[in-house]
Amino acid sequence: MASVKERQAQTPALGLEISEEAWAYHDGDFVRLADAKVSLATHALNYGTGIFEGIRAYWNAEQEQLYVFRLREHFERMERSCRMLKIALPGGPDELAALVTDLLRLNQMRTDTYVRPLAYKAARSIKVALSALRDGFGMFTFPLGDYVPTTGIAARTASWRRISDDALPARGKITGAYVNTALAVEEAHEADAEEAIFLTRDGHVSEGGSANLFMVRAGALITPPVYDDILEGITRDSLMRLAHDELGLSVLERSIDRTELYVADELFFCGTGAQVAPCVRVDGRPVADGAIGPVSRALATSYTAIARGQDERYPEWRTAVYA
Ligand SMILES: Cc1ncc(COP(=O)(O)O)c(C=O)c1O
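None of the values given here were measured: they were computed from a predicted structure.

Asker: Looking at this model, I keep getting lost on the overall build of the protein. Mind explaining?
Answerer: Scanning the protein from terminus to terminus reveals eight helices and 17 strands. Whereas a compact globule of 323 residues would reach a radius of gyration of roughly 20 Å, the protein reaches 19 Å, a difference of no more than 12%. The 323 residues of the protein split such that 44% are buried. Considering only intrachain contacts with a sequence separation of at least 6, the fraction spanning at least 24 residues in the protein is 70%.

Given below as structure tokens:
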């Protein structure tokens with residue numbers, strides 16, 4: 001197997017170069033990203049008091065259409081996350097969803113695209129608290145292919161434990177909480193793996209660095225429950241429905257022991273960035289025979305076809321950008 005650096009070099013369009021010329025949305029106006037500026041004294045920059053979302057839009061070349069995947073649900077989750085940090089959004093899910101389609105049209109996106117909404121404590125203040133601090137809101141977009149390879153990745157259990165709900169809730173998509181992810185993913189890369197697997201404080205499997213985790217054992221699809229310090233993923237929810245409705249699998253949300261990963265028939269990560277990313281190696285051991293398994297493959301195929309609008313089922317999951 002090639003090293004993680006060689007495998008990353010084969011992953012095109014990580015979107016790390018985000019154009020400053022693209023249109024963004026910032027506090028009520030569409031502006032060039034270069035002009036969407038914040039002060040060095042911004043509370044969120046100093047203390048991580050922001051909430052973000054990650055949304056994907058898929059280009060369907062045949063239909064000349066760009067489809068945003070489960071757009072409203074992302075803003076519903078954003079509203080829930082914002083409640084934790086006492087941040088007020090500038091509109092409800094439908095208004096914010098309309099801003100996304102406007103922004104994608106303004107940028108004339110005709111390729112797979114990532115949308116990043118960000119709500120944050122915008123006040124210039126050093127007071128470490130949540131109330132009486134002005135809120136800000138912005139969004140930017142950029143082209144994005146695979147965030148991690150979808151052809152089989154290696155994962156490592158992190159020595160860093162997942163942040164627990166009684167310290168820093170993983171249920172909220174809180175900017176500052178992603179330091180936990182960065183530490184674990186960096187460690188995974190140093191151990192020649194693309195993705196980290198977090199354990200909870202009591203030693204159960206939680207999730208990947210920025211993706212939920214599924215395991216196939218004895219014909220059932222199993223994923224950690226919402227009380228094992230996971231982000232309640234929208235892709236996770238979609239795949240649970242597809243596995244049940246399309247593949248007829250029994251889907252279980254239950255705690256997973258670390259060593260169950262070593263004896264699993266299949267493992268895969270899922271998320272807006274990761275999409276469906278099969279995991280073929282964990283902690284230096286091949287997952288089953290080390291090849292991508294049939295459940296991972298079937299779910300990846302269905303997810304991609306549905307999200308891109310090549311499969312017309314689940315129309316309520318797609319928002320068309322162009323008339
Ligand atoms: C920590 C974490 N877990 C899981 C996910 C997957 O969530 P979703 O499918 O809603 O993108 C993400 C984001 O992609 C994440 O950052």
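Asker: For this particular structure, what's the right way to read the packing of helix α3 (residues 71-85) against helix α4 (residues 93-106)?
Answerer: Following both chains from N to C, one finds α3 and α4 inclined at 125°, their axes separated by 9 Å at the closest point. Classed by the angle they form, the pair α3 and α4 counts as oblique. The element α3 and its partner α4 pack so that their crossing is right-handed. Between α3 and α4, the contacting residues are L71, R72, F75, E76 and E79 on the first element and P93, D94, L96, A97 and V100 on the second.

Asker: How do you make sense of the nonpolar core when you look at a structure like this?
Answerer: Burial of nonpolar side chains together is a common tendency in soluble globular proteins. Grouped together as the largest cluster of nonpolar side chains are 83 residues, with contacts concentrated most on A57, V100, A155, L267, A277 and C279. If you count residues domain by domain, this core takes at least three from each of domain 1 (12-143) and domain 2 (153-307). Not counting residues up to four positions away in its chain, the partners in contact with A57 are L66, Y67, V68, L104, M109, T113, V115 and V321.

Asker: I'm lost on the site of the ligand in this one. Help?
Answerer: Around the ligand lies a shell of 13 residues, among which G233, I234, T235, G271 and T272 are the nearest. In terms of residue count, the dominant contributor to the shell around the ligand is helix α6 (residues 234-245) (three residues). Taken together, the residues that form the shell around the ligand break down as three nonpolar, eight polar and two charged.

Asker: Would you explain helix α5 (residues 178-190) in this entry?
Answerer: Spacing of three or four residues puts side chains on the same side of an α-helix, whose turn is 3.6 residues. An ideal rise of 1.5 Å per residue puts 18 Å on 13 residues; α5 measures up with 18 Å between its terminal C-alpha atoms. N180, T181, A184, V185 and A188 are the residues of α5 that are buried. For α5, the angular spread of buried residues about the axis comes to 115°, placing them on one side. Here the buried face of α5 lies against β8 (153-157) and β9 (195-199).

Asker: Even after reading the chapter, I still don't get α6, so can you show me in this structure?
Answerer: With 12 residues, α6 extends 16 Å from end C-alpha to end C-alpha; this agrees with the ideal 16 Å at 1.5 Å per step. Listed as buried for α6 are I234, T235, R236, S238, L239, M240, L242 and A243. At its buried positions, α6 is contacted by α3, β11 (212-217), β12 (220-223), β13 (250-253), β14 (266-271) and α8 (294-307).

Asker: How should the packing of α6 against α8 be read in this particular structure?
Answerer: How two helices sit against one another is set out by the angle between their axes and by the gap between those axes. Viewed as axis vectors pointing N to C, α6 and α8 meet at an angle of 115°, and their least axial separation amounts to 10 Å. The angle between α6 and α8 places the two elements in the roughly perpendicular class. Read as a crossing pair, α6 and α8 show a hand that is right-handed. Taken together, the residues of α8 that come into contact with α6 (itself represented by S238, L239, L242 and A243) are L299, S302 and Y303. Split into classes, the residues belonging to the contact of α6 with α8 amount to five nonpolar, two polar and no charged.

Asker: Can you walk me through the environment of I256 in this structure?
Answerer: Note on placement: I256 falls in the loop between β13 and α7 (258-262). If near-sequence neighbours (up to four positions away) are discounted, I256 is found in contact with H204, V205, M215, I222 and P224.

Asker: Looking at this structure, I do not really get the environment of I18. What am I missing?
Answerer: Relative to the helices and strands, I18 resides in the loop between α1 (4-9) and β1 (23-26). On the neighbour-count criterion, I18 (15 C-beta atoms within 10 Å) is partly exposed. Residues I18 and I153 lie 135 residues apart in sequence; the distance between their C-alpha atoms is 25 Å. Excluding its chain neighbours within four sequence positions, the residues that come into contact with I18 are F140 and F142.

Asker: I tried to follow unusual backbone geometry on my own but got confused; where do I start?
Answerer: Both trends apply: most residues other than glycine have a negative phi, and most peptide bonds are in trans. If you check the backbone angles, R70 has positive phi at about 50° while not being a glycine. When you line up the elements, R70 lands in the loop between β5 (65-69) and α3. R70 gets classed as buried once you count the C-beta atoms within 10 Å, which come to 22. The backbone of D192 shows a phi angle near 65°, a positive value even though the residue is not glycine. Tracing the chain through its elements places D192 in the loop between α5 and β9.

Asker: Got a minute to help me understand the pairing of β5 in this structure?
Answerer: Consecutive residues of a regular strand have side chains that alternate between opposite faces of the sheet. Of all five residues in β5, four are buried, a share of seventy percent or more. Sheet topology places strand β4 (residues 55-60) next to β5; four bridges connect them, and they run antiparallel. By the bridge assignment, Y58 is partnered in β5 with Y67. Hairpin connection, β4 to β5: the antiparallel pair is bridged by four residues, and E64 has positive phi, about 50°. Two strands pair when backbone bridges link them, and β5 and strand β17 (residues 318-320) are joined in this way by three bridges, in the antiparallel orientation. Within the sheet, the bridge partner assigned to Y67 lies in β17 and is A320.

Each value, and the rule that gives it
- Residues numbered from 1 in each chain as written.
- Predicted model: local features only at pLDDT ≥ 70, side-chain atom pairs only at ≥ 80, totals over all residues.
- Helix = DSSP H or I, 4+ residues; strand = E, 2+ residues; numbered from the N terminus.
- Rg over C-alpha atoms; globule rule 2.2 N^0.38 Å.
- Buried ≥ 20, exposed ≤ 12 C-beta atoms within 10 Å, placed from the backbone.
- Contact = placed C-beta atoms within 7 Å.
- Axes fitted to C-alpha atoms, helices over the stretch in contact; angles between N-to-C directions.
- Parallel < 35°, antiparallel > 145°, perpendicular 65-115°, else oblique.
- Left-handed = near helix turned anticlockwise from the far one by under 90°.
- Core = buried A, V, L, I, M, F, W, Y, C linked by C-beta atoms within 7 Å.
- Domains from an automatic or database assignment.
- Near = placed C-beta within 6 Å.
- Nonpolar A, V, L, I, M, F, W, Y, C, P; charged D, E, K, R; others polar.
- Expected span 1.5 Å × (residues − 1).
- Arc of directions from axis to C-beta.
- Pairing = 2+ DSSP bridges.

Note that every value here comes from positions in space, so none of it alone points to a role or purpose.
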